[in-house]
Amino acid sequence: MSGILERLLSNKAPSTSKSYLIGLERGRIWAADYADYFEVKEWGEIEPEDFGSITLPHNEELHFKVLGSESDLELEPYIKGWLEGVKEIARK
């Protein structure tokens, strides 16, 4: 786990910003290390406004649950950050 994630997870209080930043970092990690080109392209085109219809890829849903057990996370800002992290990698 990255140092950024560890530091953010050490804060147990719920926070929209914390959830967004953790999602952002996880999105970067997923897009750079686990997803293939087509997955990154597909997820990189999704807009955060489509939030109601978004479910994370299976392994990422599991990561959210595990991270949420370590620190209180909010789903909507997490997904918005996750999508932005994927888009950041897709632009590179």
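Procedures and definitions
- Every residue gets a number counted from 1 within its own chain, in the order that chain's sequence is written.
- Where local features are concerned, this predicted model is filtered to residues with pLDDT of at least 70; where side-chain atom pairs are given and counted, the filter is 80 or more; whole-chain, interface and lining totals use all residues.
- Side-chain numbers here rest on the full set of heavy atoms in the structure, without hydrogens or water.
- When the centres of two rings from Phe, Tyr and Trp lie within 6.5 Å, Trp using its six-membered ring, the rings pair. Their planes under 30 degrees apart give stacked, over 60 give edge-to-face, and anything left gives tilted.
- A helix here means a DSSP run of H or I that spans at least four residues, while a strand means a run of E at least two residues long, and both kinds are numbered starting from the N terminus.
- Only protein chains enter the calculation, and the probe is 1.4 Å; a residue is then buried if its accessible area is under 20% of its type maximum, exposed if over 50%, and partly exposed in between.
- Throughout this description, the term salt bridge denotes a Lys or Arg side-chain nitrogen within 4 Å of a carboxyl oxygen of Asp or Glu.
- Note on definitions: a residue-residue contact is assigned when non-hydrogen atoms from the two residues lie within 4.5 Å.
- For the purposes of this section, nonpolar cores are sets of buried Ala, Val, Leu, Ile, Met, Phe, Trp, Tyr and Cys residues that join through side-chain atoms within 4.5 Å.

### A word on the packing of aromatic side chains
And step 1. For the coordinates displayed, the defined rule picks out 5 aromatic pairs.
And step 2. Aromatic pair W30 and W43: ring centres 6.4 Å apart, planes at 80 degrees, arrangement edge-to-face. Of the two residues, W30 sits in helix α2 (residues 16-34) while W43 sits in helix α3 (residues 37-44), which places them 13 residues apart along the sequence.
And step 3. Given a relative accessible area of 6%, W30 falls into the buried group.
And step 4. A centroid spacing of 4.9 Å and a plane angle of 40 degrees characterise the contact between W30 and W82, whose relative ring orientation is tilted.

### Some thoughts on the pattern of salt bridges
And step 1. Following the criterion strictly, the structure yields 6 salt bridges and no others.
And step 2. Taking the shortest distance from any N to any O, the salt bridge between E60 and R26 comes out at 2.6 Å. Remark: R26 occurs in helix α2 and E60 occurs in helix α4 (residues 58-70); sequence separation between them is 34 residues.
And step 3. Classification of E60 as buried rests on a relative accessible area of 1%.
And step 4. Residue classification places R26 among the buried residues on the basis of a relative accessible area of 6%.
And step 5. Where E45 meets K41, a salt bridge forms, and the shortest distance between an N and an O atom there is 3.2 Å.

### Describing the environment of L5
And step 1. As for its placement among the helices and strands, L5 is situated in helix α1 (residues 3-9).
And step 2. We classify L5 as buried; its relative accessible area is 2%.
And step 3. Placed 20 residues apart in sequence, L5 and E25 show a C-alpha to C-alpha distance of 7.2 Å.
And step 4. Contacts of L5, omitting those with residues within four sequence positions, involve I22, E25, R26 and I29.

### Side note on the nonpolar core
And step 1. One finds I22, W30, W43, Y78, W82, L83 and V86 to be the most contacted residues of the largest nonpolar core, which totals 21 residues.
And step 2. Listing elements by their share of this core, those giving two or more residues are α1, α2, α3, α4 and α5 (75-91).
And step 3. The residues touching W82, leaving out its near neighbours within four places in the chain, are G23, L24, R26, G27, W30, W43, L56, P57 and E60.

Keep in mind these numbers describe shape, not what the thing actually does.
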